[in-house]
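Structural description and commentary
Chain residues, written in single-letter form:
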Amino acid sequence: MAESESAHDDRERIANERDRVADERDDIADLREAATDARDIQLDDKEKRLASRELALDERARALRESVPDVVRRQQEAIDRSREVLQRAEERLVRAEASLHRSRAAIQRDDAEIQREVAESNEGDLEGHNKPTEVTGASEG
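Attention here is on the structure that accompanies the text. (Residues numbered from 1 in each chain as written. Predicted model: local features only at pLDDT ≥ 70, side-chain atom pairs only at ≥ 80, totals over all residues. Heavy atoms only, no water.)

1. Some details on the overall build of the protein chain
- When you go through the protein chain residue by residue, the secondary structure sums to two helices and zero strands.
- In the protein chain, which comprises 141 residues, the proportion classed as buried is 0%.
- On the protein chain, roughly 13100 Å² of surface is accessible, and the fraction owed to carbon and sulfur atoms is 52%. (Helix = DSSP H or I, 4+ residues; strand = E, 2+ residues; numbered from the N terminus. Buried < 20%, exposed > 50% of the residue type's maximum accessible area, 1.4 Å probe, protein only. Areas by Shrake-Rupley, 256 points an atom, 1.4 Å probe, with all protein chains shown as cover.)

This is the structure we're talking about:
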């Protein structure tokens, strides 16, 4: 019976060792599962942050795409206004140049008239100097 008890003890010891190894394997599996759960939670958080950033970037890109045509439109309107201002300024310049030409022509006409009057006056003076003058008593005095 000693042998049978010894075999029984060996079987019990082996069974206990198997249970202990199985428990260790279960503990390791539990640790792996916990680590996987923790990693999954971290990955889920990271994925949520990335999705949020992606959404924010998409919104910014959309806003930029929408604002570009608005900016271009405003710039085109400013260019059009500048062209209108330039056109009005050019028209004023043309009118001012025409006025200047008219003024110069009027000055030339006035100068010519003055020259004629001076010439006529000089001719009259020359004719008066060629005539003999009478000496009177009043002028001698």
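2. A few points about the pattern of salt bridges
- One pass over the structure, following the stated rule, counts nine salt bridges.
- Here E17 makes a salt bridge to R20, at a shortest N to O gap of 2.2 Å. Linking E17 with R20, this pair stays in helix α1 (residues 2-130), spanning three residues, or about one helical turn.
- Residue classification places E17 among the partly exposed residues on the basis of a relative accessible area of 38%.
- Classification of R20 by relative accessible area gives partly exposed; the value is 38%.
- One salt bridge connects R73 with E77, and the closest N-O pair in it is separated by 3.0 Å. (Salt bridge = Lys/Arg side-chain N within 4 Å of Asp/Glu carboxyl O.)

3. Some points on a negative patch on the surface
- A cluster of acidic side chains, namely D19, D23, D26, D27, D30, E33, D37, D40, D44, D45 and E47, defines a negative patch on the protein surface.
- Counting through the fold element by element, E47 comes out in helix α1. (Patch = residues over 30% accessible without salt bridge, like charges linked within 9 Å, V, L, I, M, F, W, Y side chains within 5 Å. Lys, Arg positive; Asp, Glu negative; His and termini not counted. Charge placed at Lys NZ, Arg CZ, Asp CG, Glu CD.)

Functional significance is not addressed by these values, which are geometric in nature.
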